[in-house]
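The primary structure of each chain is shown beneath.
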Amino acid sequence: AQTVTQSQPEMSVQEAETVTLSCTYDTSENNYYLFWYKQPPSRQMILVIRQEAYKQQNATENRFSVNFQKAAKSFSLKISDSQLGDTAMYFCAFMKHAQGGSEKLVFGKGTKLTVNP
Amino acid sequence: DTEVTQTPKHLVMGMTNKKSLKCEQHMGHRAMYWYKQKAKKPPELMFVYSYEKLSINESVPSRFSPECPNSSLLNLHLHALQPEDSALYLCASSKDTSGRILPLQYFGPGTRLTVT
């Protein structure tokens, strides 16, 4: 079974600064996907960024980037130029590759990020 | 249109009631999911439907009964629930990629259920 660990229950950052959220995972699979989801107080789960395990290049989406270390099974999220709207719970998630594509997401426990003005 | 809609937004029901949650998407996705999320916890998968057939049931109690009447609609029928079933119920959908490309799951806003 796959497990996802987020070791930082809560973090805070000043507006415009950079913050990194940690995520490690455990799997025996070689082909899988990793995601960061954001869940603001409105409770809507929003996809922030994704990474295919077979890709060595780290994914980036505007102010969001990841540091994917496959051998270390680490998948951290860096948020640059933090904005007040980034305040949310952030979940790291794992999905193994499957033919049909309809596989379960395994989530970490989440990191509550607060961006302070 | 990348929207998954869920109704109702809030639901309060007694332990003897029967109610249903509804989820709808018009993105042509052929996989749909139900997740349960307790406060301050991550979502936990309950069911997966692929091409309108139940493909994953995560040992969910029978008081939760999923139904997928067509490719756009997913229901969750509730009966004789317990107070501990109070949670946010999230629906998601994804395109069937047959493993060729990354299967993104799009989430709805959820139904907040309270069982009294």
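None of these values were measured; they are calculated from a predicted model.

### As for the interface of chain A and chain B
Note: interface size is frequently given as the accessible area lost on complex formation between the parts. Contacts between the two partners involve 24 residues from chain A and, on the opposite side, 30 residues from chain B. A buried area of about 2100 Å², summed over both sides, lies between chain A and chain B, and 57% of it is on carbon and sulfur atoms. Counting across the interface, chain A meets chain B through one salt bridge. With a shortest N-O distance of 2.8 Å, Lys104 of chain A and Glu58 of chain B are connected by a salt bridge. Scanning the region where chain A abuts chain B turns up six residue pairs in polar contact (both at pLDDT 80 or more). Counting residues per element, the side of chain A that touches chain B draws most heavily on strand S5 (residues 32–39) of chain A, which supplies four residues. Looking at the side of chain A that touches chain B, its residues break down into 10 nonpolar, eight polar and six charged.

### Here we look at the layout of surface pockets
The volume enclosed by the largest pocket comes to roughly 530 Å³. Forming the boundary of the largest pocket are 22 residues, of which Met89 and Lys112 of chain A together with Ala39, Lys40 and Lys41 of chain B lie nearest the centre. Breaking the lining of the largest pocket down by element, the ones donating at least two residues are strand S10 (88–96) and strand S12 (111–116) of chain A. For the lining of the largest pocket, the residue count by class is nine nonpolar, six polar and seven charged. In this structure, the second largest pocket occupies an estimated 320 Å³ of space. Around the second largest pocket sit 18 residues that line it, and Lys36, Pro43, Glu44, Leu45 and Met46 of chain B are the ones nearest its centre. Take the lining of the second largest pocket: its biggest share by element is three residues, from strand S5 (residues 44–50) of chain B. Broken down by class, the residue content of the lining of the second largest pocket amounts to nine nonpolar, one polar and eight charged.

### Description of the pairing of strand S6 (residues 53–57) of chain B
All names here are of chain B. Relative to S6, S5 is paired through four bridges, and the arrangement is antiparallel. Across the sheet, residue Ser50 finds its bridge partner in S6, namely Lys53. The turn linking S5 back onto S6 is made up of two residues, and Tyr51 within it adopts a positive phi angle of 50°.

### A word on the side chain of Gln6 of chain A
Residues and elements named next belong to chain A. Its place among the elements puts Gln6 in the loop between strand S1 (3–5) and strand S2 (10–14). For Gln6, the side chain forms a polar contact with the main-chain oxygen of Tyr90, separated by 3.0 Å. Ignoring sequence-local partners within four residues, the contact set of Gln6 consists of Ser22, Trp36, Tyr90, Phe91, Cys92, Gly108, Lys109, Gly110 and Thr111.

Thresholds applied
Residues numbered from 1 in each chain as written. Chains lettered and ligands numbered in written order. Predicted model: local features only at pLDDT ≥ 70, side-chain atom pairs only at ≥ 80, totals over all residues. Heavy atoms only, no water. Contact = heavy atoms within 4.5 Å. Buried area = accessible area lost by both parts, 1.4 Å probe. Salt bridge = Lys/Arg side-chain N within 4 Å of Asp/Glu carboxyl O. Polar contact = N/O pair within 3.5 Å; in protein donor to acceptor, adjacent residues only side chain to side chain. Helix = DSSP H or I, 4+ residues; strand = E, 2+ residues; numbered from the N terminus. Nonpolar A, V, L, I, M, F, W, Y, C, P; charged D, E, K, R; others polar. 1 Å grid on protein atoms, 1.4 Å probe; cavity = no way out; pocket = protein on both sides within 12 Å on 5 of 7 lines; lining within 4 Å. Points joined across faces, edges and corners; volume = space filled by probe spheres on them. Pairing = 2+ DSSP bridges.

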